[in-house]
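Chain by chain, the residues:
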Amino acid sequence: VQLVESGGGLVQPGGSLRLSCAASGFTFSSYGMSWYRQAPGQERELVAGITSAGSSTNYADSVKGRFTISRENAKNTVYLQMNSLKPEDTAIYYCYAARTRWGRRYDYWGQGTQVTVSS
């Protein structure tokens, strides 16, 4: 099982980035997908989530209206479009896959990609 994030980097305030997470080794279309982030000295927090079919999404209040999560099941990939970036969005962003089947939870984490918002 692998979740490989890409697309992070350094961007100025007000700029945009699109993160990608490529999945392999499991049935991607059966899993809900999420993006989490962790800033230095902070706990990991949920940024956005999307259901397995992509029919429903949810966002942290701090990113609503600025970030958009989407997925392409044919490509086993989930995205996070980040617009109007702020310095407080600086963090390591992690991709997370999860499902519950027959009462058992299956979940996987990516290795993370750094996003730095600074002038």
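Residues numbered from 1 in each chain as written. Predicted model: local features only at pLDDT ≥ 70, side-chain atom pairs only at ≥ 80, totals over all residues. Heavy atoms only, no water.

Engineer: Before we move on, can you summarise the sheet that holds strand 7 (residues 67-72) with the specific residues and values?
Structural biologist: What holds strands together in a sheet is hydrogen bonding between their backbones, with the strands either parallel or antiparallel. Strand order in the open sheet formed by four strands is 1-3-8-7, with antiparallel pairing between adjacent strands. Single-partner strands in this sheet number two, and they are strand 1 (2-6) and strand 7. Strand-to-strand twist of the sheet, defined as the mean angle between neighbouring strand axes without regard to direction, takes the value 15°. Note that strand 1 and strand 3 (residues 17-24) share five bridges and pair antiparallel. Residue pairing across strands places Leu3 opposite Ala23, the latter belonging to strand 3. (Pairing = 2+ DSSP bridges. Helix = DSSP H or I, 4+ residues; strand = E, 2+ residues; numbered from the N terminus. Axes fitted to C-alpha atoms, helices over the stretch in contact; angles between N-to-C directions.)

Engineer: I'd like a description of the nonpolar core, backed by residues and values.
Structural biologist: Membership of the largest hydrophobic core comes to 28 residues, with the highest contact counts inside it found for Met33, Trp35, Val78, Leu80, Met82 and Tyr93. When residues of this core are traced back to their parent elements, those giving at least two are strand 3, strand 4 (32-38), strand 5 (45-50), strand 7, strand 8 (77-82), strand 9 (91-101) and strand 11 (113-117). (Core = buried A, V, L, I, M, F, W, Y, C linked by side-chain atoms within 4.5 Å. Buried < 20%, exposed > 50% of the residue type's maximum accessible area, 1.4 Å probe, protein only.)

Engineer: Can you lay out unusual backbone geometry for me, pointing to particular residues and giving the numbers?
Structural biologist: The phi dihedral of Ser84 is positive, around 50°, even though this residue is not glycine. Inspection of the secondary structure puts Ser84 in the loop between strand 8 and strand 9. Accessibility expressed as a relative area gives 41% for Ser84, which makes it partly exposed. Despite not being glycine, Trp102 has its phi angle at roughly 50°, a positive value. Looking at the secondary structure, you find Trp102 in the loop between strand 9 and strand 10 (104-109). Judged by relative accessible area, which is 81%, Trp102 ranks as exposed.

Engineer: Provide a residue-level description of the pairing of strand 4, including the pertinent values.
Structural biologist: Among the seven residues that make up strand 4, five are buried, leaving the element largely enclosed by the rest of the structure. When strand 4 meets strand 9, the two strands line up antiparallel, connected through seven bridges. By the bridge assignment, Trp35 is partnered in strand 9 with Cys95. One ladder, built from five bridges, connects strand 4 with strand 5; its direction is antiparallel. The residue of strand 5 that forms the bridge with Trp35 is Ala48. The hairpin formed by strand 4 and strand 5 contains six residues between the paired strands, and Gly41 there has a positive phi angle of roughly 75°.

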